[in-house]
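Remarks on the overall topology
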Amino acid sequence: MHELVKKLLAGDRRSAARLISIMENNAPEKEELLAQIYPFTGRAHVVGLTGSPGAGKSSLADALTREIRAEGQKVGIIAVDPTSPFTGGALLGDRIRMQEHATDPGVFIRSMGTRGSLGGLAQATRDAIRVLDAFGCQVILVETVGVGQSELDIMYHADTTLVVLTPHAGDHVQVIKAGIMEIADIFVINKADLGGVVQMATSIESMLDLSPRLNGWRPPVLSTVAHEHRGIRELWEAIKRHRACRRDNGAAREREKAHRELLDLVRRQLEELVARHLNARCGLVEQVATRQKDPYTAAREIMAGLLAVGEKAQLAKFARGKEE
Amino acid sequence: MSSRRIRVLIAKPGLDGHDRGARVIARALRDAGMEVIYTGLHQTPEQIVEAAIQEDVDVVGLSILSGAHMTLIPMVTQLLRERGAGDITVIAGGIIPEKDVKALKEGGWAKEIFTPGTPLDDIVEWIRNHVKV
């Protein structure tokens, strides 16, 4: 076993941090290390926090951490902030709200830039979760970037998804739009000291009245004031109830997650392959650009070319196998 | 495809409420394509070191305008070494007299110190030259 993984499993913080960087940077040793870490994952409960910028996701993560730590459980926090599409740089400022736990040995906080990913998380978030899982974090809070209406990646990574709203975040029509309002396992109306909570809660409840229940779970609508620690215990209790409910159909969900991830990984590898192939056949690009060929015909030709390459490789492998 | 980014922690240790400078630096480093973790005001050396380790940064930049630089900078560097993270580069900025700059650099407490008036590009260049990506 690799030294870093050994130290990670023994609870070494520097190794955990290093491993997350390796995942983030897509370093050459990533896959080998992940293969060693993978058997030690799947134990943590992953709680996603998503919502618009400034709704209070970081403050809620901070307050929840206090609640969870009071029970003695080890907490991991992954906080994602946007990367600039222009410079590739990022200002990661979620830790500001979490300083209370900065020196608690039972808490590990990591900030990530999205690095070009558009679904509200970074591409490496899934693997960062795994590192913290193997590190022994029993609860992992994943905070997305401030999202709009359709950055929904979090629902694929979290066991429990919190959608964080604020009072006056729109009228009844906003509440029944598709997208983010559909992925909540728990609704949190934060900044509940502002007023307008009842109206907001009522619109969500009436939206839920018409929604089908998934496995008998109806998302509760809770209100909190994160910086005064109001409503946080109730929120944590609701998360635990949801965890218990999820556990009953855990195996099916794990299979669904594995299926999605495999599809995602294979698709990404294929994309790289196709991009390389396309570069090699830039004549086709030129033909489409100058209207000599339509894009559908060109795409079909590329696919046919790729499949031929694949078949040739298969045959070659088959032939080699016979010789051996 | 591997893609490494320079990661920098910008922190304000001690009792010092002036963070405009720190935020300007954070912004400049962001615009230079780095990932900047900003932790806000009134940090203890323990908090800064713990954040630097968890965030796996290449550089810790301390902004100090309170006059406590001769205490705080060595404390951060010493703690990093004790926690096995002495390889993280420590730099600082702020109102720091020349003789203290000399003492801090010669004592090995800070790799570089940027005093008021330093062009932002100089800081970006320095970091790029001293961090291997």
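Residues numbered from 1 in each chain as written. Chains lettered and ligands numbered in written order. Predicted model: local features only at pLDDT ≥ 70, side-chain atom pairs only at ≥ 80, totals over all residues. Heavy atoms only, no water.

Scanning chain B from N- to C-terminus turns up five helices and five strands. Against the compact-globule benchmark of 14 Å for 133 residues, chain B has a radius of gyration of 14 Å, which places it among compact chains. Evaluated residue by residue, chain B yields a buried proportion of 56% over its 133 residues. Summing over all exposed atoms, chain B offers an accessible surface of approximately 6,000 Å²; the carbon and sulfur share of this is 54%. In chain B, 16 side chains carry a positive charge and 18 a negative one; their mean positions are 2 Å apart. (Helix = DSSP H or I, 4+ residues; strand = E, 2+ residues; numbered from the N terminus. Rg over C-alpha atoms; globule rule 2.2 N^0.38 Å. Buried < 20%, exposed > 50% of the residue type's maximum accessible area, 1.4 Å probe, protein only. Areas by Shrake-Rupley, 256 points an atom, 1.4 Å probe, with all protein chains shown as cover. Lys, Arg positive; Asp, Glu negative; His and termini not counted. Charge placed at Lys NZ, Arg CZ, Asp CG, Glu CD.)

Residues and elements named next belong to chain A. Taken in spatial order, the seven strands make up an open sheet running β4-β2-β5-β1-β6-β7-β8, and their pairing is parallel. The two strands at the open ends of the sheet, each matched to only one other strand, are β4 (107-113) and β8 (221-223). Averaged over all adjacent pairs, the angle separating strand axes in this sheet is 20 degrees, with direction ignored. Strand direction decides the pairing type here: strand β1 (residues 45-51) and strand β5 (residues 139-143), joined by five bridges, are parallel. Considered in β5, the bridge of V47 is made with L141. (Pairing = 2+ DSSP bridges. Axes fitted to C-alpha atoms, helices over the stretch in contact; angles between N-to-C directions.)

To continue, consider the environment of V5(A). All names here are of chain A. Within the element layout of this structure, V5 appears in helix α1 (residues 3-9). Sequence separation between V5 and D104 is 99 residues; the distance between their C-alpha atoms is 22 Å. Apart from the residues lying within four places of it in its own chain, the contact partners of V5 are L19, L33, Q36 and I37. (Contact = heavy atoms within 4.5 Å.)

So, on to the sheet that holds strand β2 (residues 35-38) of chain B. One open sheet holds the six strands; their spatial order is β3(A)-β2(B)-β1(B)-β3(B)-β4(B)-β5(B), and the pairing between them is parallel. Taken across any chain shown, the strands that pair with only one partner, and hence form the sheet edges, are β3 (90-92) of chain A together with β5 (112-114) of chain B. Taken over all neighbouring pairs, the strand axes of this sheet differ in orientation by 25 degrees on average, direction set aside. Judged from the three bridges that link them, strand β4 (residues 89-94) of chain B and β5(B) form a sheet pairing that is parallel. Note that in β5(B) the partner of A92(B) across the bridge is I113(B). Each of β3 (59-64) and β4 of chain B touches helix α3 (residues 69-82) of chain B; the most contacted strand, β3(B), lies at about 160 degrees to it.

This paragraph deals with a nonpolar patch on the surface. Together, V266(A), L270(A) and L273(A) give the surface a local cluster of nonpolar side chains, amounting to about 250 Å² of exposed area. Turning to its location among the elements, V266(A) is positioned in helix α10 (residues 250-280). (Patch = residues over 30% accessible without salt bridge, like charges linked within 9 Å, V, L, I, M, F, W, Y side chains within 5 Å. Salt bridge = Lys/Arg side-chain N within 4 Å of Asp/Glu carboxyl O.)

This paragraph deals with the environment of D19(B). Residues and elements named next belong to chain B. Among the secondary structure elements, D19 is positioned in the loop between β1 (7-11) and α1 (20-31). Residues D19 and L65 lie 46 residues apart in sequence; the distance between their C-alpha atoms is 9.1 Å. Engagement of the side chain of D19 in a polar contact is seen with the side chain of Y38, the distance being 3.0 Å. (Polar contact = N/O pair within 3.5 Å; in protein donor to acceptor, adjacent residues only side chain to side chain.)

Two side chains that carry opposite charge are able to pair once their charged atoms sit near each other. Residue and element names in this part refer to chain A. The tally for this structure, following the rule as stated, stands at 40 salt bridges over all chains. Measuring nitrogen to oxygen at the nearest pair gives 2.8 Å for the salt bridge that ties E228 to R230. A relative accessible area of 41% means that E228 is categorised as partly exposed. For R230, a relative accessible area of 45% gives the class partly exposed.

All names here are of chain B. The interhelical angle for the contact between α3 and helix α4 (residues 98-106), taken along N-to-C directions, is 20 degrees, at an axis separation of 11 Å. As judged from the angle between their axes, α3 and α4 are roughly parallel. You can see that α3 and α4 cross each other, and the crossing is right-handed. Along its contact with α3, which presents H69, M70, I73 and P74, the element α4 presents D100, A103 and L104. (Parallel < 35°, antiparallel > 145°, perpendicular 65-115°, else oblique. Left-handed = near helix turned anticlockwise from the far one by under 90°.)

Note: α-helices contain 3.6 residues per turn, so residues at a spacing of three or four share the same orientation. Residue and element names in this part refer to chain A. Counting buried residues in helix α5 (residues 125-135) gives 11 out of 11 residues, a clear majority hidden from the surface. Among all positions of α5, only T125, R126, D127, A128, I129, R130, V131, L132, D133, A134 and F135 are buried. Taken from the residues just after α5, G136 is the one with a positive phi, measuring 105 degrees.

Now for the pairing of strand β6 (residues 160-165) of chain A. Residue and element names in this part refer to chain A. The element β6 is largely enclosed, with a buried count of six among its six residues. Relative to β6, β1 runs parallel, the two being bridged by five bridges. Residue T50 lies in a different strand from β6, and its bridge partner there is V163. Sheet analysis places β6 next to strand β7 (residues 186-189), joined by four bridges and oriented parallel. Within the sheet, the bridge partner assigned to V163 lies in β7 and is F187.

We now examine the domain arrangement of chain A. Residues and elements named next belong to chain A. According to the domain assignment, chain A consists of domain 1 (39-249) and domain 2 (258-323). Put simply, the middle of domain 1 and the middle of domain 2, counted by C-alpha atoms, are 39 Å apart. Taken together, the contact between domain 1 and domain 2 spans four residues of the former and four residues of the latter. Between domain 1 and domain 2, a total of about 440 Å² is buried, with carbon and sulfur atoms accounting for 35% of that surface. Its salt-bridge partner being R126, residue D264 comes within 2.9 Å of it at the nearest N-O pair. Applying the counting criterion to the domain 1 and domain 2 interface returns three residue pairs in polar contact (both at pLDDT 80 or more). (Domains from an automatic or database assignment. Buried area = accessible area lost by both parts, 1.4 Å probe.)

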